[in-house]
Amino acid sequence: MAGTGISNLQQRIVVGMLGIPLIVWFTWMGGGYFFVLMLVCVLCAVNEFHRLLSARSAPPALPLFLLFSFAVQLNFFLPVVEPWILFLIILMCFFVLELFRTDGSSIVNIGASMTALLYVNIAFGSLVEIRQMEPMGFAYVLLLFVCIWSADSMAYFGGSRFGGKLFKRKFFERLSPHKTWEGFISGCAGSVFGAVAVAYFDPDLRVDFALVAGLFIGLLSPLGDLVESMFKRDAGVKDSSSLIPGHGGVLDRFDTVMFMSPLLYCYVYFAEVVTGL
(Lines give C-alpha, C1' and ligand atoms only; values in the text may rest on other atoms or scores of the structure.)
Protein backbone atom coordinates (compact mmCIF):
# COMPACT_ATOMS: atom_id res chain seq x y z
CA MET A 1 0.00 0.00 0.00
CA ALA A 2 1.42 3.37 -0.97
CA GLY A 3 2.44 5.70 1.84
CA THR A 4 0.24 8.66 2.61
CA GLY A 5 2.98 10.98 3.79
CA ILE A 6 4.15 13.87 1.64
CA SER A 7 7.51 13.60 -0.10
CA ASN A 8 10.65 15.47 0.91
CA LEU A 9 10.29 17.74 -2.13
CA GLN A 10 6.70 18.55 -1.19
CA GLN A 11 7.79 19.37 2.36
CA ARG A 12 10.50 21.66 1.01
CA ILE A 13 8.00 23.45 -1.24
CA VAL A 14 5.49 23.96 1.58
CA VAL A 15 8.16 25.25 3.97
CA GLY A 16 9.48 27.55 1.23
CA MET A 17 6.04 28.96 0.48
CA LEU A 18 5.52 29.74 4.16
CA GLY A 19 9.06 30.67 5.15
CA ILE A 20 10.26 32.83 2.26
CA PRO A 21 7.55 35.52 2.58
CA LEU A 22 8.16 35.62 6.33
CA ILE A 23 11.92 36.04 5.91
CA VAL A 24 11.40 38.76 3.28
CA TRP A 25 8.99 40.57 5.61
CA PHE A 26 11.43 40.51 8.53
CA THR A 27 14.18 41.70 6.19
CA TRP A 28 11.99 44.51 4.86
CA MET A 29 11.10 45.65 8.38
CA GLY A 30 14.76 45.69 9.40
CA GLY A 31 15.80 47.07 12.77
CA GLY A 32 14.75 45.00 15.76
CA TYR A 33 12.60 42.70 13.62
CA PHE A 34 15.52 41.55 11.49
CA PHE A 35 17.78 41.33 14.55
CA VAL A 36 15.31 39.02 16.30
CA LEU A 37 15.15 36.79 13.21
CA MET A 38 18.93 36.60 13.05
CA LEU A 39 19.20 35.99 16.80
CA VAL A 40 16.78 33.06 16.61
CA CYS A 41 18.79 31.62 13.70
CA VAL A 42 22.03 32.06 15.64
CA LEU A 43 20.77 30.38 18.80
CA CYS A 44 19.32 27.46 16.84
CA ALA A 45 22.48 27.09 14.74
CA VAL A 46 24.74 27.22 17.81
CA ASN A 47 22.60 24.57 19.48
CA GLU A 48 22.98 22.35 16.41
CA PHE A 49 26.70 23.01 16.08
CA HIS A 50 27.20 22.19 19.76
CA ARG A 51 25.60 18.82 19.06
CA LEU A 52 28.03 18.24 16.17
CA LEU A 53 30.99 19.21 18.34
CA SER A 54 29.92 16.75 21.04
CA ALA A 55 30.46 13.87 18.62
CA ARG A 56 34.17 14.66 18.23
CA SER A 57 35.11 16.76 21.27
CA ALA A 58 33.94 17.80 24.73
CA PRO A 59 32.75 21.40 24.36
CA PRO A 60 31.67 23.47 27.38
CA ALA A 61 28.01 23.50 28.34
CA LEU A 62 25.49 24.71 25.74
CA PRO A 63 24.13 27.61 27.88
CA LEU A 64 27.57 29.19 27.76
CA PHE A 65 27.58 29.01 23.96
CA LEU A 66 24.13 30.58 23.85
CA LEU A 67 25.13 33.35 26.26
CA PHE A 68 28.27 34.19 24.29
CA SER A 69 26.32 34.19 21.02
CA PHE A 70 23.62 36.47 22.42
CA ALA A 71 26.27 38.95 23.55
CA VAL A 72 28.05 38.89 20.18
CA GLN A 73 24.85 39.39 18.18
CA LEU A 74 23.63 42.17 20.44
CA ASN A 75 26.95 43.90 19.92
CA PHE A 76 26.57 43.59 16.14
CA PHE A 77 23.15 45.23 16.39
CA LEU A 78 24.01 47.82 19.06
CA PRO A 79 27.80 48.18 18.83
CA VAL A 80 29.64 48.77 22.08
CA VAL A 81 33.06 47.27 21.34
CA GLU A 82 34.79 45.91 18.25
CA PRO A 83 33.64 42.30 17.57
CA TRP A 84 37.19 40.98 17.77
CA ILE A 85 37.37 42.13 21.39
CA LEU A 86 34.37 39.97 22.31
CA PHE A 87 35.83 36.98 20.49
CA LEU A 88 39.12 37.51 22.33
CA ILE A 89 37.27 37.54 25.66
CA ILE A 90 35.44 34.35 24.69
CA LEU A 91 38.73 32.69 23.74
CA MET A 92 40.31 33.63 27.07
CA CYS A 93 37.24 32.28 28.89
CA PHE A 94 37.66 28.95 27.09
CA PHE A 95 41.35 28.88 28.08
CA VAL A 96 40.48 29.34 31.74
CA LEU A 97 37.59 26.86 31.63
CA GLU A 98 39.83 24.14 30.21
CA LEU A 99 42.10 24.47 33.24
CA PHE A 100 39.32 22.98 35.35
CA ARG A 101 38.05 20.37 32.85
CA THR A 102 39.38 16.88 32.25
CA ASP A 103 37.17 15.75 29.34
CA GLY A 104 38.81 15.21 25.98
CA SER A 105 41.67 17.20 24.52
CA SER A 106 41.95 20.83 25.61
CA ILE A 107 43.32 21.86 22.22
CA VAL A 108 40.50 20.12 20.35
CA ASN A 109 37.84 21.42 22.75
CA ILE A 110 38.96 25.03 22.44
CA GLY A 111 39.54 24.86 18.70
CA ALA A 112 36.20 23.22 17.96
CA SER A 113 34.30 25.59 20.26
CA MET A 114 35.83 28.70 18.73
CA THR A 115 35.21 27.39 15.21
CA ALA A 116 31.50 26.97 15.98
CA LEU A 117 31.09 30.36 17.64
CA LEU A 118 33.13 32.25 15.05
CA TYR A 119 31.45 30.69 12.02
CA VAL A 120 27.86 31.02 13.20
CA ASN A 121 28.16 34.46 14.76
CA ILE A 122 30.22 36.08 12.02
CA ALA A 123 27.87 34.64 9.38
CA PHE A 124 24.65 35.98 10.84
CA GLY A 125 26.36 39.04 12.30
CA SER A 126 27.43 39.97 8.78
CA LEU A 127 23.78 39.94 7.72
CA VAL A 128 22.90 42.24 10.61
CA GLU A 129 25.68 44.60 9.56
CA ILE A 130 24.65 44.54 5.90
CA ARG A 131 21.00 45.19 6.72
CA GLN A 132 22.00 48.31 8.65
CA MET A 133 23.78 49.79 5.61
CA GLU A 134 21.00 52.24 4.83
CA PRO A 135 19.52 53.04 2.41
CA MET A 136 20.59 49.91 0.49
CA GLY A 137 20.71 47.36 3.30
CA PHE A 138 17.42 45.71 2.43
CA ALA A 139 18.36 45.42 -1.25
CA TYR A 140 21.73 43.85 -0.43
CA VAL A 141 20.28 41.24 1.94
CA LEU A 142 17.43 40.49 -0.45
CA LEU A 143 19.94 40.15 -3.28
CA LEU A 144 21.83 37.52 -1.29
CA PHE A 145 18.68 35.58 -0.39
CA VAL A 146 17.19 35.67 -3.89
CA CYS A 147 20.45 34.65 -5.58
CA ILE A 148 20.89 31.71 -3.20
CA TRP A 149 17.26 30.60 -3.46
CA SER A 150 17.41 30.83 -7.26
CA ALA A 151 20.73 29.01 -7.38
CA ASP A 152 19.48 26.22 -5.09
CA SER A 153 16.32 25.73 -7.14
CA MET A 154 18.06 25.77 -10.51
CA ALA A 155 20.86 23.51 -9.25
CA TYR A 156 18.31 20.99 -7.95
CA PHE A 157 16.22 20.84 -11.10
CA GLY A 158 19.19 21.22 -13.47
CA GLY A 159 21.09 18.48 -11.70
CA SER A 160 18.04 16.21 -11.62
CA ARG A 161 17.33 16.73 -15.31
CA PHE A 162 20.81 16.87 -16.84
CA GLY A 163 23.11 15.47 -14.14
CA GLY A 164 25.74 13.13 -15.60
CA LYS A 165 24.80 13.77 -19.22
CA LEU A 166 27.53 16.30 -19.97
CA PHE A 167 30.09 15.56 -17.27
CA LYS A 168 30.66 12.05 -15.93
CA ARG A 169 32.77 13.26 -13.04
CA LYS A 170 30.88 14.39 -9.94
CA PHE A 171 31.26 17.94 -8.63
CA PHE A 172 32.73 16.95 -5.22
CA GLU A 173 31.95 13.30 -4.67
CA ARG A 174 33.88 12.86 -1.42
CA LEU A 175 31.61 15.23 0.52
CA SER A 176 28.50 15.46 -1.65
CA PRO A 177 28.11 12.44 -3.95
CA HIS A 178 24.90 13.70 -5.56
CA LYS A 179 26.18 17.10 -6.71
CA THR A 180 26.90 17.33 -10.43
CA TRP A 181 28.64 19.85 -12.65
CA GLU A 182 25.40 20.31 -14.55
CA GLY A 183 23.72 21.28 -11.29
CA PHE A 184 26.56 23.68 -10.49
CA ILE A 185 26.29 25.40 -13.88
CA SER A 186 22.49 25.58 -13.54
CA GLY A 187 22.93 27.09 -10.08
CA CYS A 188 25.29 29.79 -11.38
CA ALA A 189 22.75 30.69 -14.07
CA GLY A 190 19.98 30.77 -11.47
CA SER A 191 21.98 33.10 -9.23
CA VAL A 192 22.67 35.55 -12.04
CA PHE A 193 19.01 35.43 -13.06
CA GLY A 194 18.01 36.16 -9.45
CA ALA A 195 20.38 39.12 -9.35
CA VAL A 196 18.91 40.54 -12.56
CA ALA A 197 15.40 40.15 -11.14
CA VAL A 198 16.26 42.02 -7.93
CA ALA A 199 17.96 44.82 -9.88
CA TYR A 200 14.95 45.06 -12.20
CA PHE A 201 12.51 45.57 -9.35
CA ASP A 202 14.85 47.89 -7.40
CA PRO A 203 16.04 50.72 -9.67
CA ASP A 204 18.37 51.99 -6.92
CA LEU A 205 20.42 48.79 -7.12
CA ARG A 206 23.06 49.11 -9.83
CA VAL A 207 22.79 46.39 -12.46
CA ASP A 208 26.56 45.90 -12.73
CA PHE A 209 26.85 45.58 -8.95
CA ALA A 210 24.02 43.01 -8.90
CA LEU A 211 25.43 41.01 -11.82
CA VAL A 212 28.87 40.73 -10.24
CA ALA A 213 27.28 39.74 -6.95
CA GLY A 214 25.05 37.18 -8.67
CA LEU A 215 27.96 35.56 -10.48
CA PHE A 216 30.08 35.71 -7.33
CA ILE A 217 27.33 34.04 -5.27
CA GLY A 218 26.62 31.43 -7.94
CA LEU A 219 30.26 30.39 -8.22
CA LEU A 220 31.06 30.26 -4.50
CA SER A 221 27.78 29.31 -2.84
CA PRO A 222 28.26 25.52 -3.33
CA LEU A 223 31.23 25.79 -0.98
CA GLY A 224 28.85 26.61 1.87
CA ASP A 225 27.02 23.34 1.36
CA LEU A 226 30.30 21.45 1.13
CA VAL A 227 31.62 23.01 4.34
CA GLU A 228 28.43 22.02 6.16
CA SER A 229 28.67 18.50 4.69
CA MET A 230 32.26 18.31 5.93
CA PHE A 231 31.18 19.14 9.48
CA LYS A 232 28.27 16.68 9.42
CA ARG A 233 30.34 13.85 7.97
CA ASP A 234 32.97 14.39 10.63
CA ALA A 235 30.25 14.20 13.29
CA GLY A 236 28.64 11.17 11.62
CA VAL A 237 25.17 12.69 11.11
CA LYS A 238 22.99 13.24 8.05
CA ASP A 239 21.26 16.44 9.20
CA SER A 240 22.19 18.94 11.89
CA SER A 241 18.65 18.57 13.30
CA SER A 242 15.05 17.96 12.19
CA LEU A 243 13.82 21.45 13.09
CA ILE A 244 12.70 22.43 9.56
CA PRO A 245 10.62 19.75 7.76
CA GLY A 246 12.19 18.71 4.47
CA HIS A 247 15.33 20.74 5.12
CA GLY A 248 16.89 19.51 8.37
CA GLY A 249 18.17 22.15 10.74
CA VAL A 250 19.16 25.80 10.55
CA LEU A 251 22.71 24.80 9.63
CA ASP A 252 21.33 22.69 6.78
CA ARG A 253 18.94 25.34 5.45
CA PHE A 254 21.21 28.36 5.90
CA ASP A 255 24.56 26.71 5.12
CA THR A 256 25.04 28.68 1.91
CA VAL A 257 23.79 31.93 3.43
CA MET A 258 26.22 31.49 6.32
CA PHE A 259 29.18 30.96 4.01
CA MET A 260 28.31 33.77 1.61
CA SER A 261 27.17 36.53 4.00
CA PRO A 262 30.67 37.47 5.25
CA LEU A 263 31.92 37.43 1.65
CA LEU A 264 29.04 39.65 0.53
CA TYR A 265 29.83 42.02 3.38
CA CYS A 266 33.42 42.27 2.11
CA TYR A 267 32.16 42.84 -1.45
CA VAL A 268 29.74 45.56 -0.36
CA TYR A 269 32.40 47.18 1.82
CA PHE A 270 34.88 47.24 -1.04
CA ALA A 271 32.32 48.51 -3.56
CA GLU A 272 30.73 51.14 -1.31
CA VAL A 273 33.41 52.29 1.10
CA VAL A 274 36.61 51.87 -0.89
CA THR A 275 35.50 52.68 -4.44
CA GLY A 276 32.46 54.81 -3.56
CA LEU A 277 30.11 52.94 -5.93
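Structure shown above.
Quick look at the structure, then. (Residues numbered from 1 in each chain as written. Predicted model: local features only at pLDDT ≥ 70, side-chain atom pairs only at ≥ 80, totals over all residues. Heavy atoms only, no water.)

Attention now moves to the overall build of the protein chain. The secondary structure content of the protein chain amounts to 10 helices and two strands. Seen through its principal axes, the protein chain has C-alpha atoms that stretch 55 × 55 × 35 Å. Within the protein chain, the proportion of its 277 residues that are buried is 46%. Looking at the protein chain alone, contacts between residues at least 24 apart form 70% of all its contacts between residues at least 6 apart. As displayed, the protein chain offers around 14,600 Å² of accessible surface, 70% of which is attributable to carbon and sulfur atoms. (Helix = DSSP H or I, 4+ residues; strand = E, 2+ residues; numbered from the N terminus. Buried < 20%, exposed > 50% of the residue type's maximum accessible area, 1.4 Å probe, protein only. Contact = heavy atoms within 4.5 Å. Areas by Shrake-Rupley, 256 points an atom, 1.4 Å probe, with all protein chains shown as cover.)

Position of serine 176 among the secondary structure elements: in strand 2 (residues 176–180). For serine 176, the contacting residues outside a window of four places in its chain are Asp225 and Leu226.

That bond from glutamate 134 to proline 135 is cis: its omega, 10 degrees, falls within 30 degrees of zero. Structurally, the position occupied by proline 135 is in the loop between helix 5 (106–131) and helix 6 (137–162).

Before going further, it helps to examine a nonpolar patch on the surface. On the surface, a nonpolar cluster with roughly 810 Å² of combined accessible area is contributed by Trp84, Leu88, Met92, Phe95, Val96, Leu99 and Phe100. The topology assignment puts leucine 99 in helix 4 (residues 83–99). (Patch = residues over 30% accessible without salt bridge, like charges linked within 9 Å, V, L, I, M, F, W, Y side chains within 5 Å. Salt bridge = Lys/Arg side-chain N within 4 Å of Asp/Glu carboxyl O.)

All right, on to helix 4 then. Between its first and last C-alpha atoms helix 4 spans 25 Å; for 17 residues at 1.5 Å apiece the expected length is 24 Å, and the two agree. Inspection of helix 4 places Leu86, Phe87, Ile90, Phe94 and Glu98 among the buried residues, and these make up the whole buried set. The buried residues of helix 4 all sit within an arc of 110 degrees when viewed along its axis, so they share a single face. On the buried face of helix 4, the contacting elements are helix 3 (62–77) and helix 5. (Expected span 1.5 Å × (residues − 1). Arc of directions from axis to C-beta.)

Now for helix 3. Its 16 residues give helix 3 an end-to-end C-alpha distance of 23 Å, which sits within 8% of 22 Å, the value for a rise of 1.5 Å per residue. Here helix 3 has its buried residues at Phe65, Phe68, Ser69, Val72, Gln73, Asn75, Phe76 and Phe77. Residues of helix 3 that are buried in the fold lie against helix 2 (31–54), helix 4 and helix 5.

Quick look at the pairing of strand 2 now. Of the pairings in the sheet, the one linking strand 1 (residues 170–172) to strand 2 comprises two bridges and is antiparallel in character. Among the inter-strand pairings, lysine 170 is bridged to a residue of strand 2, identified as threonine 180. (Pairing = 2+ DSSP bridges.)

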